[in-house]
Amino acid sequence: MRICVVYDCLFPHTVGGAERWYRSLAERLAGAGHQVTYLTLRQWESGEEPAIPGVNVIAVGPRMQLYAHGRRRIAPPLVFGAGVLWQLLRHGRCYDIVHSSSFPYFSLLAAALVRPLAGYALIVDWLEVWSAEYWREYLGRAGWIGIAVQRRCARVDQRAFCLSELHAARLRDEGLRGEVTVLKGLFSGALEPAEPLAAELCVVFAGRLIPEKNALSVVAAVALAAERVPGLHGIIFGDGPQREAVLASIASLEQPGLVSAPGFVPSEEVHDAIRRACCLLLPSRREGYGLVVVEASAVGTPSIVVREPDNAAVELIEEGVNGLIAPTAAAEDLAAAIVSVVVAGAAMRASTSEWFARNAERLSLERSLEQVLATYASASARA
């Protein structure tokens, strides 16, 4: 089949769960013999080629700063949407399938506009469906614009994928036209769990340093937990607009070296730290999936997440088995959860490993790709 993947970011030039999903998707499709094109914004240096084996990567817009003050800028989605529209108007008949992320919306609207002319099937990943409350918080009085655009995107003719039951239910409530399938798996590693290591007294956070990830609460939580667990320390991996605030919070601690923030480091270093840690701390208030929880479980490290209305990562936690769900992201609640995991010790590491062994196939990227390819076949036939 001739497949066009549409997303404005490309791993590893930008890093996140969505970037990794689309890169893996494009690589696996190309490896299976399909003709794959990847439309994106240019994020690489001039003269550099974004090599994905077997995939034709096309930049439909220039290199642009995607974020300002921790929020997505409006200009890049508009530019990307215009670039996708122009590309599909010229070459849309060359594709059997256009597989797009719902966000940042304008590219999806462009693909939906051209679809009747080009005849391809439209597949859409809804990694998140934001609530009206969150839109108003994110955009203030202009929140109604985001609400309206999201609803319009939900109602175009499409086959939809979500990564959680939370967002699948929200998508149906938005008036989805078409079917929605929940993909449970994004994990691309070995399906046999690694032997759990003896835990070090280390708490690890890994993620983009934006307000929604609550990295600042990690600093305060580790400091509180260390009062009850001598020798405990924390590592915050990642970069982003809150990095300076995180470093300032670390500098204000009375105990030097209690928390470190090395920034963006190779994935192997993050993986090794998570495997040795007593727990992964992911206090995000908003997650579309939470792949790092699965990655931690694969090496026997329990995770702590937060029960928030927009946090789908709670669906990956079996309470007391592969981690804990803190009632809030307050430092006191997170610290209490950290202490509980430390007390549980080797028993929770063993149950985490067993949880992964039971769920690995269901959570695998290969299982999701099988579902995607089956959907391609049926959607293309109908188109």
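So, how was this worked out
Residues numbered from 1 in each chain as written. Predicted model: local features only at pLDDT ≥ 70, side-chain atom pairs only at ≥ 80, totals over all residues. Heavy atoms only, no water. Helix = DSSP H or I, 4+ residues; strand = E, 2+ residues; numbered from the N terminus. Contact = heavy atoms within 4.5 Å. 1 Å grid on protein atoms, 1.4 Å probe; cavity = no way out; pocket = protein on both sides within 12 Å on 5 of 7 lines; lining within 4 Å. Points joined across faces, edges and corners; volume = space filled by probe spheres on them. Nonpolar A, V, L, I, M, F, W, Y, C, P; charged D, E, K, R; others polar. Salt bridge = Lys/Arg side-chain N within 4 Å of Asp/Glu carboxyl O. Pairing = 2+ DSSP bridges. Axes fitted to C-alpha atoms, helices over the stretch in contact; angles between N-to-C directions.

Attention now moves to the side chain of E287. Its location among the elements puts E287 in strand 14 (residues 286-287). Setting aside its immediate chain neighbours within four residues, E287 contacts E128, H167, K213, L282, D310, N311, A312 and A313.

There is about 300 Å³ of room inside the second largest pocket. Every residue lining the second largest pocket is counted, 14 residues in all, and those nearest its centre are I74, Y105, F106, W135 and L139. Among the secondary structure elements, those contributing two or more residues to the lining of the second largest pocket are helix 4 (132-139) and helix 5 (143-154). Considered class by class, the residues forming the lining of the second largest pocket number eleven nonpolar, one polar and two charged.

So, on to the pattern of salt bridges. A full pass over the atoms with the stated rule returns 18 salt bridges. A salt bridge links R159 to E179; its shortest N-O distance comes to 3.6 Å. One end of the pair, R159, is in strand 8 (residues 159-162); the other, E179, is in the loop between helix 6 (165-173) and strand 9 (180-182), and 20 residues separate them in sequence. Across the pair R276 and D272 runs a salt bridge whose closest N-O atoms are separated by 3.0 Å. Taken together, the residues span about one helical turn, with R276 and D272 both in helix 9 (residues 267-276) at a distance of four residues. Overlapping salt bridges bring together E128, E212 and R286 as one network.

Once that is clear, we can look at the sheet that holds strand 13 (residues 279-282). Taken in spatial order, the six strands line up as 12-11-10-13-15-17 in an open sheet, and their pairing is parallel. The open sheet terminates on both sides in strands that have one partner only, identified here as strand 12 (259-263) and strand 17 (323-326). For this sheet the average axis-to-axis angle between neighbouring strands, irrespective of direction, equals 20°. In terms of strand pairing, strand 15 (residues 303-306) meets strand 17 through four bridges, oriented parallel. Paired with I304 across the strands is L324, a residue of strand 17.

In short, shape yes, function no, at least from these values alone.
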